[in-house]
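In case you want the letters, here they are:
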Amino acid sequence: MPDTPSASPEPSAPPPQDTPPPSRPRARSGAAGPAASPTPDQPASPTPDRPAAPAGPAAPARPSMPAPPNPWGGPSTPPPVSWLARIRPEAPRSVPTATLWSVLAAAVLSAVLLGDGLGLNLLLVAIPAALAAYFAASAAGRRLRPWTVVWGTGGLALLVVPALRDAGWPTFLAVATAVAMGSLALHGSRTWRGIIFGPIGLAESVASGVGWGWRGLRDRADGSHGRWGPVLRTTAVAAGLLVVFGALFAGADAAFADLLGSLMPDIDSVADVPLRLSLFVLGLVGALAAARTAAAPLRWDRLEARPGRPRGRLEWALPLIVLNLLFAVFNTVQLAVLFGGYERVLSETGLTYAAYARQGFWQLLWATLLTLVVIAFALRWAPRGGTRDRTLVRSVLGSLCLLTLVVVASALRRMDLYVDAYGLTRLRISVAAMELWLGVVIVLIMIAGALGARRLPLPRAVAASAAAGVLAFGLMSPDALVAERNVQRYETTGKIDVGYLDGLSADAVPALDRLPEPLRSCALRIIEAELEGQDEPWYATSWGEHRARAVLAERAVSTVGYSCTPERNDIEDEYGDGDGVESGESGEYVPHGPQGPYSGP
């Protein structure tokens, strides 16, 4: 019986012999994955262990169904970039060798110099830290720009104030401003956001800077095992020679021993070791943070601020015009008082001269601050349609700035009258300096509005004016100025508050030395006692302290026969500093002698 032909279709003809068929991969039996589907030129054939299924009727085609909707949204889009990712830079390169040496120098100087007080030592520590940042920025490809030079030079100049002045409050302002200037130099910020948030970026580099420095040190140690031996041996030999011959020369000559003792750091006992180690770590971490920031700073200028919605001309200009009219009326009254004399005003208001002088100073100060806030919001919502809108904005805001300058002048004049009546104090000179700087900011706003933001970058100009103001405030020695004005007031009126003046710093000694006895001794006795209890090395002694010691060495302080006790009433000053009272009740610090209170020469 003949074989029944297979139900499978006939295989196609084999290719010619001179053209070998293309090789096809064969699926192994039991291999994972789906079996290969037959191609058009190669029909499916039954497997050896299973016969092919008989051909049947074709299955009906199923209608195409729409794809189910994506429950997670539409087509995939890249996720939005966060603000932190926008400002974060790429990882910096390996720390340069020059940076490591500069960091080590800053750490050693911190441990050696900063434990005895503040003076020239702050500047000596800051110089190698600045060099570490410069080397790191150069290795990262950052160029030295003019504004970077301004910020860096200004920061180092501010550190001169502790070396010149003994007073703590201008020193604190100078050091804090120097840190801010250093942050601007490291970040290179141009916008308000960069200037404000720059110190945060410097703090962010503290932890990352330590890791960055450790990785760089480890990489260099792995590749230079053979070079550390000569360096350590050379250092040890040099140190030994200095110790041996330095001790011999110090024993041979007392003058050389005194010079050597003044140059050497003052480390009294083992108890200073924890402090010195802490200062070493502080200098190391601070210098590494500065260098890490210089190599890869956070880009705060990339933070975008949405511009305000422009308002219509009438909606924007009408409130500001009304405010300008109010300022104009107030300034007219001030000019009338200035040219008409204070006697008429005092007779009409019933106020004393001193009460009118101090009345409203704080209100005028707040008015100046709020005016700057109004200008900021007005610029945000100003109409920006074209040339006519720009002319309107400049006219309205320019008039407001001019009128505000008159308010600043009125506030400063009131402060001057109040100082003439009650004397100068630290608080009064501080708020007067603040009011004066606000006037400078208003002038800068006017110049930026006239020239344009490209010719005068307002954020940088305001920051530079603040740094210059703090530097000038420290260099003029506010404590010496307070003492000088009060001595002049005593020479004119015979009134002085010695109880306030004896709390000033050593900067005030040259001015207080002009007072007659026993007022001089009562004003200088506390300062002299503080100076006698201090034994600081040269790098932690200010020039003001050195000059005060020279003045007190020429004329000794003596309160024998006098009791320097205050006679004050219960009337407190409106400014809250407790150093002034109403006219006629001066609350002076009057020394008492054997025959009663001292009444002057």
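*Asks:* Even after reading the chapter, I still don't get the overall build of the protein, so can you show me in this structure?
*Replies:* In terms of regular secondary structure, the protein is built from 22 helices and 2 strands. Classification of the 601 residues of the protein by burial places 36% in the buried group. Summarising the internal contacts of the protein: among those between residues at least 6 apart in sequence, 78% fall at separations of at least 24. If you sum the accessible surface of the protein, you get close to 36,000 Å²; carbon and sulfur atoms cover 65% of it.

*Asks:* I would appreciate a short explanation of the packing of aromatic side chains in the present structure.
*Replies:* Each aromatic ring pair is characterised by the separation of its centres together with the angle its planes make. For the structure shown, the criterion picks out 7 aromatic pairs. Centroid distance tryptophan 169 to phenylalanine 473: 5.4 Å. Interplanar angle 75 degrees. Geometry classified as edge-to-face. Residue tryptophan 169 is found in helix α6 (residues 168–187), and its partner phenylalanine 473 is found in helix α17 (residues 458–475); the two are separated by 304 residues along the sequence. Taken as a pair, tryptophan 169 and phenylalanine 473 share a single burial class, namely buried. Relative to tryptophan 381, the ring of phenylalanine 377 has its centre 5.5 Å away and its plane inclined at 40 degrees; by these criteria the two rings are tilted. Judged by relative accessible area, which is 33%, tryptophan 381 ranks as partly exposed. For arginine 311, the ring lying beneath its charged end belongs to tryptophan 381, and the centroid distance is 5.3 Å.

*Asks:* Hey, could you run me through unusual backbone geometry in this one?
*Replies:* Excluding glycine, a negative phi dihedral is what most residues carry, and trans is how most peptide bonds are arranged. The residue after glutamate 517, namely proline 518, is reached through a cis peptide bond having omega 5 degrees. Considering the arrangement of structural elements, one finds proline 518 in the loop between α20 (509–512) and α21 (519–532). We note that serine 477 has phi near 60 degrees; this positive angle belongs to a residue other than glycine. In this fold, serine 477 is placed in the loop between α17 and α18 (478–493). Taking relative accessible area as the criterion, serine 477 reaches 4% and is therefore assigned buried.

*Asks:* Looking at this structure, how should I read the packing of helix α4 (residues 146–158) against α17?
*Replies:* How two helices sit against one another is set out by the angle between their axes and by the gap between those axes. Across the interface, α4 lies against α17 with an axial gap of 10 Å and an inter-helix angle of 20 degrees. With respect to α17, the element α4 is oriented roughly parallel. Our pair here, α4 against α17, has a crossing hand that is left-handed. Here α4 contributes Trp147, Trp151, Ala157 and Leu158 to the contact with α17, which in turn contributes Arg460, Ala463, Ala464, Ala467, Val470 and Leu471. Along the lines of polarity and charge, the residues of the contact of α4 with α17 split into 9 nonpolar, no polar and 1 charged.

*Asks:* Teacher, can you tell me more about α4 here?
*Replies:* It helps to recall that an α-helix has 3.6 residues per turn; residues three or four apart then point in one direction. Taking 1.5 Å of rise per residue, the 13 residues of α4 would be expected to cover 18 Å, and the 18 Å separating its terminal C-alpha atoms lies within 8% of that figure. For α4, the full list of buried residues reads Thr148, Trp151, Gly155 and Leu158. Taken end-on, α4 shows its buried residues confined to a sector of 105 degrees, consistent with a single buried face. Summarising the contacts, the buried residues of α4 are in contact with α5 (161–164), α6 and α17.

*Asks:* Sorry if this is basic, but what is going on with the nonpolar core here?
*Replies:* Here is a general trend for soluble globular proteins: nonpolar side chains tend to be buried in one another's company. Judged by nonpolar contacts, the single largest core of 57 residues is most densely connected at Leu512 and Leu515. The dominant element in this core, judged by the number of residues it contributes, is helix α16 (residues 426–451), at 9 residues. Excluding anything up to four places from it in sequence, leucine 515 contacts Val487, Tyr490, Ile496, Arg520 and Ala523. Ranked by size, the runner-up nonpolar core spans 15 residues in total, among them Ala126, Val161, Ala174 and Val470.

Parameters and conventions
- Residues numbered from 1 in each chain as written.
- Predicted model: local features only at pLDDT ≥ 70, side-chain atom pairs only at ≥ 80, totals over all residues.
- Heavy atoms only, no water.
- Helix = DSSP H or I, 4+ residues; strand = E, 2+ residues; numbered from the N terminus.
- Buried < 20%, exposed > 50% of the residue type's maximum accessible area, 1.4 Å probe, protein only.
- Contact = heavy atoms within 4.5 Å.
- Areas by Shrake-Rupley, 256 points an atom, 1.4 Å probe, with all protein chains shown as cover.
- Phe/Tyr/Trp six-rings, centres within 6.5 Å; stacked < 30°, edge-to-face > 60°.
- Lys NZ or Arg CZ within 6 Å of the ring centre and 35° of its normal.
- Axes fitted to C-alpha atoms, helices over the stretch in contact; angles between N-to-C directions.
- Parallel < 35°, antiparallel > 145°, perpendicular 65-115°, else oblique.
- Left-handed = near helix turned anticlockwise from the far one by under 90°.
- Nonpolar A, V, L, I, M, F, W, Y, C, P; charged D, E, K, R; others polar.
- Expected span 1.5 Å × (residues − 1).
- Arc of directions from axis to C-beta.
- Core = buried A, V, L, I, M, F, W, Y, C linked by side-chain atoms within 4.5 Å.

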